Amino acid sequence: MRLPMRFPVSLTLSRVSTSGNSLFSWLLLAPGMLFLAAFLVVPGILLIVLSLHDVDGMLMVLPTYSFSHYIEAFTSAGYIRALGTTLWVAALTAVLCVLLAYPAAWLLVSTRSRAWRTVLYVILISPLLTSVVIRTFAWIVLLAQNGLINDVLRRLGLIDAPLALLWNMKAVIVAYVQVMLPFAVLPLATSLGEIPAALPRASQSLGAGARHTFLHVVLPLTIPGMMSGAIIVFALAAGSYVTPLLIGGRLQPLLPIGIYQQALQIANLPLAAALSLTLLVVTAAIAGLMSYVQKRWERRVYGH
């Protein structure tokens, strides 16, 4: 007669254990959530409020509110062009980083020696331990008219006058790619590492060549890693202002430079806040669309 009572008792104990684990998980998450709320959510709300304030002729913040700064952001030809250029440069940087990251990630995964793999990872991650400002100034040393590249070309007799390698958008894109390439390599290396080694061999044993195996077996399985790297690089490039300011100059039509000028040089803080939120929303929308495409591809490949 006692046997039927054991099942509900064990079920109750299971529920208590589950609720206890859930409570413990929330307690572990609490410090991080509080930190994000204090230094991300609250400043974001204050930025939204600031962007709605009016300013007088002396750019002093008034206690009145309107959407005038957002109207200016979406009706000014200069800001629209800056937003379009920023998104184009970020997209081009993401594509170049993914293309260059594939052979690097392949080398990381295919290296059998653990020591060499560690060395390659150290080489990959070491630039992330250096300040972006320092790496950007290194590019100035390389690309300046009296820099290393022009000096080597003159010594080789390939040029008579120094080339204008600095203060243009091409130099900005080159510096972007060098700074953000590790963010594309790491997710792609993770995707390549998750592919079972027997899968390509099985494809080749069934008569498929190396090219067919790569295009129809390996490449589709690494699309999520490529998309993840592209999303990270795109978001970072769209919001960066130090590299284009130092490499391209303050006249480059990029929205982060415009935000920097409005905030620190002109001191029109509400307009700078409105431009910042505009760039944030547009970048987040594009990143969300890319993430949606990535999820659809994963559902198509993996079936879930």
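Heads up: these notes are all about the structure in this document. What you see is a predicted model, and the numbers here were worked out from it, not measured in a lab. (Residues numbered from 1 in each chain as written. Predicted model: local features only at pLDDT ≥ 70, side-chain atom pairs only at ≥ 80, totals over all residues. Heavy atoms only, no water.)

The rolling of a water-molecule-sized probe over the atoms marks out the regions of remaining empty space. Applying the stated criterion to the full structure yields one cavity of 30 Å³ or more. In this structure, the largest cavity occupies an estimated 30 Å³ of space. For the lining of the largest cavity, a count of residues per class yields five nonpolar, two polar and no charged. (1 Å grid on protein atoms, 1.4 Å probe; cavity = no way out; pocket = protein on both sides within 12 Å on 5 of 7 lines; lining within 4 Å. Points joined across faces, edges and corners; volume = space filled by probe spheres on them. Nonpolar A, V, L, I, M, F, W, Y, C, P; charged D, E, K, R; others polar.)

The next point concerns the environment of M227. Take M227: it is sitting in helix α9 (residues 210-239). When the C-alpha positions of M227 and A208 are compared, they lie 26 Å apart, and in sequence the two are 19 residues distant. Non-local contacts of M227, meaning those with residues more than four positions away in its chain, are made with M290, V293 and Q294. (Helix = DSSP H or I, 4+ residues; strand = E, 2+ residues; numbered from the N terminus. Contact = heavy atoms within 4.5 Å.)

Once that is clear, we can look at a nonpolar patch on the surface. On the surface, a nonpolar cluster with roughly 1,200 Å² of combined accessible area is contributed by W26, L29, M33, F35, L36, F39, L40, V41, I45, V49 and Y65. With 10 residues, helix α1 (residues 3-51) is the single largest residue contributor to the nonpolar patch. Looking at the element boundaries, F35 is found in helix α1. (Patch = residues over 30% accessible without salt bridge, like charges linked within 9 Å, V, L, I, M, F, W, Y side chains within 5 Å. Areas by Shrake-Rupley, 256 points an atom, 1.4 Å probe, with all protein chains shown as cover. Salt bridge = Lys/Arg side-chain N within 4 Å of Asp/Glu carboxyl O.)

A separate point is the nonpolar core. Side chains of nonpolar character tend, in soluble globular proteins, to be buried together. Counting 57 residues, the largest nonpolar core has M180, I247, L255 and L275 as its most contacted members. Of all the secondary-structure elements, those providing two or more residues to this core are α3 (77-110), α5 (132-143), α7 (169-193), α9, α11 (255-265) and α12 (269-302). Sort the elements by how many residues they give to this core and α7 lands first, with 14 residues. Aside from chain neighbours lying at most four places away, what touches L255 is Y79, A82, L83, T86, L275 and L279. (Core = buried A, V, L, I, M, F, W, Y, C linked by side-chain atoms within 4.5 Å. Buried < 20%, exposed > 50% of the residue type's maximum accessible area, 1.4 Å probe, protein only.)

What follows deals with the pattern of salt bridges. Taken as a whole, this structure holds two salt bridges when the rule is applied. Of the charged contacts, one joins R154 and D151 as a salt bridge, the two residues approaching to 3.9 Å between their closest N and O atoms. Linking R154 with D151, this pair stays in helix α6 (residues 148-155), spanning three residues, or about one helical turn. On the basis of relative accessibility, which here comes to 24%, the residue D151 falls in the partly exposed class. Ionic contacts of the salt-bridge type, sharing partners, join the residues D151, R154 and R155 into one network.

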